[in-house]
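Letter by letter, the chains look like this.
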Amino acid sequence: MDEPASEPIRGRRARAERMSQEGPAGAGRNGAAPNRPEDPAGAAGGVAGGTAGTGPSYVDRATERFLLVISVSVITAVAFEAVAVGTAMPTVASRLHGLNLYAVAMGIPLAAQLVTTAFAGLWCDAKSPQSCLHLGIGVLSAGLVVCTAAPNMPVFVVGRAVQGLGAGMCVVPLYAMVGSSVRTERQSPIFASLSAAWIVPSLVGPGIAGFLVENASWRLVFGAVPALLAAAFPVVVAGTRRIPRTHGPRPLTGTGRILLPAAGAGAAVATLQILSGADSGGLTAWVYAAAGAAAAATFACVRPLLPPGTFALRCGLASTVLVRGLVSGVFIGIEAFLPLLLKEVHGWSPTPAGLILTVGSVTWALGSWIHGRVVSPRLTRRLPAFAVACQFAGVALVAPGSFAAVPAGFVVAGWTLAGLGIGLVFPAMSVLALAMTPRDRHGATSSAIQLADTLGAAFCVAVAGLVYAAILPSRQAAFAVAIGALALILGAALVAVRRIRPIPGSAEEAELASRGQGSGDDR
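Since we're looking at a predicted model, the values are computed, not measured. (Residues numbered from 1 in each chain as written. Predicted model: local features only at pLDDT ≥ 70, side-chain atom pairs only at ≥ 80, totals over all residues. Heavy atoms only, no water.)

Once that is clear, we can look at the overall build of the protein chain. A tally of helices and strands in the protein chain yields 19 helices and 0 strands. Considering the protein chain as a whole, with its 523 residues, one finds that 55% of them fall into the buried category. Total accessible area computed for the protein chain in this model is approximately 19,600 Å², and 67% of it derives from carbon and sulfur atoms. (Helix = DSSP H or I, 4+ residues; strand = E, 2+ residues; numbered from the N terminus. Buried < 20%, exposed > 50% of the residue type's maximum accessible area, 1.4 Å probe, protein only. Areas by Shrake-Rupley, 256 points an atom, 1.4 Å probe, with all protein chains shown as cover.)

Now for the nonpolar core. One finds Val92, Phe156, Phe222 and Val323 to be the most contacted residues of the largest nonpolar core, which totals 138 residues. In terms of residue count, helix H2 (residues 61-95) provides more of this core than any other element does, 15 residues in total. In this structure, Phe222 is in contact with Glu81, Val85, Ala88, Val92, Leu144, Cys147, Thr148, Phe156 and Arg160, ignoring residues within four places of it in sequence. (Core = buried A, V, L, I, M, F, W, Y, C linked by side-chain atoms within 4.5 Å. Contact = heavy atoms within 4.5 Å.)

As a further point, take the packing of helix H15 (residues 377-398) against helix H16 (residues 409-435). It is at 7 Å that the axes of H15 and H16 come closest, and there the two elements cross at 155 degrees. The orientation of H15 with respect to H16, classified from their angle, is roughly antiparallel. Read as a crossing pair, H15 and H16 show a hand that is left-handed. For the contact of H15 with H16, the class distribution of residues is 22 nonpolar, 4 polar and no charged. (Axes fitted to C-alpha atoms, helices over the stretch in contact; angles between N-to-C directions. Parallel < 35°, antiparallel > 145°, perpendicular 65-115°, else oblique. Left-handed = near helix turned anticlockwise from the far one by under 90°. Nonpolar A, V, L, I, M, F, W, Y, C, P; charged D, E, K, R; others polar.)

Another point: the pattern of salt bridges. Close approach of charged atoms lets side chains of opposite charge pair. This model, assessed by the stated rule, comprises 4 salt bridges. In this structure, Asp125 engages Arg441 in a salt bridge whose closest nitrogen and oxygen atoms are separated by 3.9 Å. Of this pair, Asp125 sits in helix H3 (residues 102-126) while Arg441 is found in the loop between H16 and helix H17 (442-471), placing the two residues 316 residues apart along the sequence. As far as the burial class goes, Asp125 and Arg441 line up, both buried. With a closest N to O distance of 2.8 Å, Asp453 and Arg324 form a salt bridge. A residue pair is termed long-range when its members are at least 10 positions apart, and Asp453 in helix H17 and Arg324 in helix H12 (residues 317-335) qualify at 129 residues. The exposure class of Asp453 is buried, given its relative accessible area of 2%. (Salt bridge = Lys/Arg side-chain N within 4 Å of Asp/Glu carboxyl O.)

Averaged over the protein chain, the pLDDT score is 80; the fraction of residues at 70 or greater is 84%. Within the protein chain, helix H1 (residues 16-22) has the poorest average pLDDT of any element, 35, and helix H18 (residues 475-496) the best, 94. Predicted confidence is poor over residues 1-55, with pLDDT under 50, and the contacts of this stretch with residues over four places away or in other chains come to 159 contacts. (pLDDT = per-residue confidence, 0-100.)

So, on to the environment of Leu340. Within the fold, Leu340 resides in helix H13 (residues 338-344). Sequence separation between Leu340 and Ala353 is 13 residues, and the spatial gap between their C-alpha atoms is 7.5 Å.

There is a patch of nonpolar side chains on the surface, built from Val200, Leu203, Val204, Ile208 and Val362 and spanning about 390 Å² of accessible area. With 4 residues, helix H8 (residues 199-215) is the single largest residue contributor to the nonpolar patch. Here Ile208 lies in helix H8. (Patch = residues over 30% accessible without salt bridge, like charges linked within 9 Å, V, L, I, M, F, W, Y side chains within 5 Å.)

Considering the arrangement of structural elements, one finds Arg314 in the loop between helix H11 (285-302) and H12. Sequence-distant contacts of Arg314, that is, excluding residues within four places in its chain, are made with Pro308, Gly309, Ser319 and Arg499.

Over its 22 residues, H18 extends 32 Å from the first C-alpha to the last, a length consistent with the 32 Å expected when each residue adds 1.5 Å. The set of residues buried in H18 consists of Ala478, Phe479, Ala480, Ala482, Ile483, Leu486, Ala487, Ile489, Leu490, Ala493 and Ala496. On the buried face of H18, the contacting elements are H12, H13, H15 and H17. (Expected span 1.5 Å × (residues − 1).)

Attention now goes to unusual backbone geometry. Despite not being glycine, His97 shows a phi value in the positive range, around 55 degrees. At Leu313, a residue that is not glycine, the phi angle is positive and equals roughly 60 degrees. Within the secondary structure, Leu313 sits in the loop between H11 and H12. Leu313 sits in the partly exposed class, given a relative accessible area of 22%.

With that out of the way, let us pick up the environment of Thr454. Counting through the fold element by element, Thr454 comes out in helix H17. By relative accessible area, Thr454 is classed as buried at 1%. As for Thr454 and Gly168, which are separated by 286 residues in sequence, their C-alpha atoms are 9.5 Å apart.

Now the structure itself:
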């Protein structure tokens, strides 16, 4: 099973102090109106006006394109490694004589990523997104080098953990830089491109990895990416220096408050993933109890890392982050089982069965492309609810395809629709979440978005695995119940998506208005 992709989360804190300093909603710190996205002030490109205390400064189109190229390149590298590892891992475990550590090697990067994803938001807001990105690329590359040279499986597992730590510090700063330096009305195409950056690796990653494993060495699968990142690193450093900074460096405080719950969430997620891989014969009452305890610990630990009220469906940022985690988690959780479903239930050979993943990737890219070209504010506000309903309808079509008596076309049609739905909603949640957040808190919100993605993927894959194993040996029913369980989770997104707009008069509403993204009359 491929490692769940996560592009690669935390939000937070009531804005009472900020509101008291700003005065009436929408006013600046001394009662002056803040710079709006349409204001010419601060719109000069490069670093002009980018020093702390000068107000919003947006990059010019050339720098914006350069930022897009850097962001897509970094995410593509991370995505390729996440996708290709699923193809290479069986060979790695066999050659390094460590089949007993297979599940740990697959799951530990996700657990490690949870820790640094939370820390990355803190780092971006206190120091700068640029320095966080540079450090993340270095740590990611170091982990891959350790994997490449590993003489045995324990060393390989250590490299995978370091790789996960680095990956968690790569995507958050990219989101933060886009949110703070690109005009709000121009963010949708960029976030759509970042979402689509997973498409090419999803299409070609397994094939390239398989070719390298069969015709060269599995070590090239892990060694190629750090070599490419090392060659591109000077360009990344030079390019990110052109991005204006929203504020000067501040003390890095509250690390214990972030790292301790993040480490707890990572450990709980790792435990849940290991338990989900248990053989159906080993699913005793103790295993179910342990899984329940791990799930409860995961949510308890991650709760302070997400916006207040996330699990209570609080209006605004909290529900926006929750929707993002739910839709991505359900999509990845179901996707992990579709090739097996088509092969075991409908008798498809491995190659066409694997193409179902391509179908979802292509329509995801199509949905992202459509979202990036929606310019009507009224349509932009209504699109998320439609998109989640579209994804839910697709999942509802896939579920009957779990039975041999139902044509496999149901699975293909359903996954086509589900991919389109998540493609429409995925970037929309990024744009809205950052638009509700002050620029000097974009690191925290970007961290929250990525944490939701990672947690959603890990949790949904584990839930599907546990349910599937519990129903076996009735294979067709096992597929149907596992997909049905994830459909129920997606049902929560149908409710939460109705609460993504902030409460009128709140600080989040004022922030939206300052970006020209107010609720309008059709709330």
